[in-house]
Amino acid sequence: VTNGAVDVGAVSVVEKELRGKVAELEGLAEELEKERDYYFGKLRAIEVLCQTYGDQGNAFLQVVQGEMYREDSGEGGEKEVEVE
């Protein structure tokens, strides 16, 4: 703004840059949603297998099922899992 006037060219350039960034972020969000859905599908298949075969005394499947239903401690670290 100079003496009350707005540099329309500069505003247009900034707007174009921002629209490009928005489009880039929307594309990234779409990719992340696809990846999330892919891994959720895999996790759901593992859950079904654990529910189907976990009650047959398979220790490994019982540990996997236990990990799936364990609440997040919020520590962000990985927990070592012991299979007996």
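Cut-off values and rules
Residues numbered from 1 in each chain as written. Predicted model: local features only at pLDDT ≥ 70, side-chain atom pairs only at ≥ 80, totals over all residues. Heavy atoms only, no water. Helix = DSSP H or I, 4+ residues; strand = E, 2+ residues; numbered from the N terminus. Buried < 20%, exposed > 50% of the residue type's maximum accessible area, 1.4 Å probe, protein only. Areas by Shrake-Rupley, 256 points an atom, 1.4 Å probe, with all protein chains shown as cover. Patch = residues over 30% accessible without salt bridge, like charges linked within 9 Å, V, L, I, M, F, W, Y side chains within 5 Å. Salt bridge = Lys/Arg side-chain N within 4 Å of Asp/Glu carboxyl O. Axes fitted to C-alpha atoms, helices over the stretch in contact; angles between N-to-C directions. Parallel < 35°, antiparallel > 145°, perpendicular 65-115°, else oblique. Left-handed = near helix turned anticlockwise from the far one by under 90°. Contact = heavy atoms within 4.5 Å. Nonpolar A, V, L, I, M, F, W, Y, C, P; charged D, E, K, R; others polar.

Trainee: Just to check I follow, could you spell out the overall build of the chain for this structure?
Mentor: Broken down by element type, the chain carries 2 helices and 0 strands. Here the chain, with 84 residues, has 5% of them falling under the buried criterion. Summed over all atoms, the accessible surface of the chain reaches about 7700 Å², with 54% contributed by carbon and sulfur.

Trainee: Help me out: how do you make sense of a nonpolar patch on the surface in this one?
Mentor: A cluster of nonpolar residues, Leu25, Leu28 and Leu32, forms a patch on the protein surface that exposes about 290 Å² of accessible area. As for its position among the elements, Leu25 is in helix H1 (residues 8-53).

Trainee: Could you clarify how one ought to interpret the packing of H1 against helix H2 (residues 59-69) in this entry?
Mentor: To describe two helices that pack against each other, one gives the angle between their axes and the distance between the axes. The interhelical angle for the contact between H1 and H2, taken along N-to-C directions, is 130°, at an axis separation of 9 Å. Between H1 and H2, the angle is such that the two are oblique. Remark: the crossing between H1 and H2 carries left-handed chirality. Contacts between H1 and H2 involve Leu43, Ile46, Glu47, Leu49, Cys50, Gln51 and Tyr53 on the former and, on the latter, Leu61, Val64, Gln65, Met68 and Tyr69. Among the residues forming the contact of H1 with H2, the class breakdown is 9 nonpolar, 2 polar and 1 charged.

Trainee: Just checking my understanding: could you explain the environment of Leu61 for this structure?
Mentor: With respect to the secondary-structure elements, Leu61 resides in helix H2. Between the alpha carbons of Leu61 and Cys50 there is a distance of 5.5 Å; along the sequence they are 11 residues apart. When neighbours within four sequence positions are excluded, Leu61 is seen to be in contact with Leu49, Cys50, Tyr53 and Gly54.

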